[in-house]
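Each chain, written out:
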Amino acid sequence: MITLVVRDYDEAIAWYTKVLGFSLVSDTPLSDAKRWVVVAPEKGDSRLLLAKADGEIQEASIGNQTGGRVALFLQTDDFAQDYATMMKDGVRFLEEPRHETYGSVAVFEDLYGNKWDLLELK
């Protein structure tokens, strides 16, 4: 599991579950302002802890947690179908799909602008 800093719990939950099809694993209140929110793709063992930004420094990192590099990798076993579904659902891709020696890939952004690779390995 890794932490992804978000602006708002509910908007992040909605985007990851409705647009990317992730499951909501946990949404537990910890205080009036803090929740333990975990989402996960349907396949695989990875999980995201969605952490609401607390303060100016964290707010400034929303959408740019890796300095503009691809932050996360969403592996698929059906690139063409997932790419088409994501396009239909309004996901913003930054490039056309590429077919590399290692597989098919295209960079997309999440709702905050973090860069992801949609990836199907050969």
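Note: the structure precedes this text.
Report follows, based on the coordinates. Nothing here was measured: the structure is a model prediction, and the numbers come from that model.

### Topic: the environment of Leu49
So, step 1. As for its placement among the helices and strands, Leu49 is situated in strand β4 (residues 48-52).
So, step 2. Classification of Leu49 as buried rests on a relative accessible area of 13%.
So, step 3. Between the alpha carbons of Leu49 and Arg98 there is a distance of 29 Å; along the sequence they are 49 residues apart.
So, step 4. Apart from the residues lying within four places of it in its own chain, the contact partners of Leu49 are Met1, Ile2, Thr3, Leu4, Trp36, Val37 and Val38.

### Thoughts on the pattern of salt bridges
So, step 1. The full count for this structure, using the stated rule, is eight salt bridges.
So, step 2. A salt bridge links Arg7 to Glu11, with the nearest nitrogen and oxygen atoms 3.1 Å apart.
So, step 3. Owing to a relative accessible area of 30%, Glu11 belongs among the partly exposed residues under this scheme.
So, step 4. In this structure, the salt-bridge partner of Glu100 is Arg98, at a minimum N-O distance of 2.8 Å.
So, step 5. Relative accessible area serves as the criterion here: at 28%, Glu100 is assigned to the partly exposed category.

### Here's the deal with the sheet that holds strand β1 (residues 2-6)
So, step 1. In space, the four strands of this open sheet follow the order β1-β4-β3-β2, with mixed pairing throughout. The outermost strands of the open sheet, each flanked by one partner alone, are β1 and β2 (23-29). For this sheet, the mean angle separating the axes of adjacent strands, direction not counted, is 25 degrees.
So, step 2. Here six bridges tie β2 to strand β3 (residues 35-40), and the two strands are oriented antiparallel to one another. Considered in β3, the bridge of Ser23 is made with Ala40.

### Focus on the environment of Phe22
So, step 1. With respect to the element layout, Phe22 can be found in the loop between α1 (9-19) and β2.
So, step 2. Its relative accessible area of 5% is what places Phe22 among the buried residues.
So, step 3. On a C-alpha basis, the gap between Phe22 and Glu120 in space is 17 Å, while along the polypeptide they are 98 residues apart.
So, step 4. Excluding residues within four positions of it along the chain, Phe22 makes contact with Tyr16, Thr17, Val39, Ala40, Pro41, Glu42, Leu48, Leu74 and Trp116.

### Some remarks on the packing of aromatic side chains
So, step 1. Within this structure, the stated rule accounts for eight aromatic pairs.
So, step 2. Look at Phe79 and Tyr83: their rings are 5.9 Å apart centre to centre, the planes differ by 10 degrees, and that puts the pair in the stacked class. Placement of both Phe79 and Tyr83 in helix α3 (residues 79-88) is noted, with a separation of four residues, approximately one turn of the helix.
So, step 3. Aromatic side chains Phe93 and Phe108 sit 5.6 Å apart centroid to centroid with 50 degrees between the ring planes, which places their arrangement in the tilted category. Taken as a pair, Phe93 in strand β6 (residues 92-93) and Phe108 in strand β8 (residues 103-109) lie far apart in primary sequence, 15 residues in all.
So, step 4. Given the relative accessible area of 13%, Phe93 is considered buried.
So, step 5. Pairwise contacts between aromatic rings join Trp15, Tyr16, Phe22, Phe79, Tyr83, Phe93, Phe108 and Trp116 into one cluster.

Criteria and thresholds
- Residues numbered from 1 in each chain as written.
- Predicted model: local features only at pLDDT ≥ 70, side-chain atom pairs only at ≥ 80, totals over all residues.
- Heavy atoms only, no water.
- Helix = DSSP H or I, 4+ residues; strand = E, 2+ residues; numbered from the N terminus.
- Buried < 20%, exposed > 50% of the residue type's maximum accessible area, 1.4 Å probe, protein only.
- Contact = heavy atoms within 4.5 Å.
- Salt bridge = Lys/Arg side-chain N within 4 Å of Asp/Glu carboxyl O.
- Pairing = 2+ DSSP bridges.
- Axes fitted to C-alpha atoms, helices over the stretch in contact; angles between N-to-C directions.
- Phe/Tyr/Trp six-rings, centres within 6.5 Å; stacked < 30°, edge-to-face > 60°.

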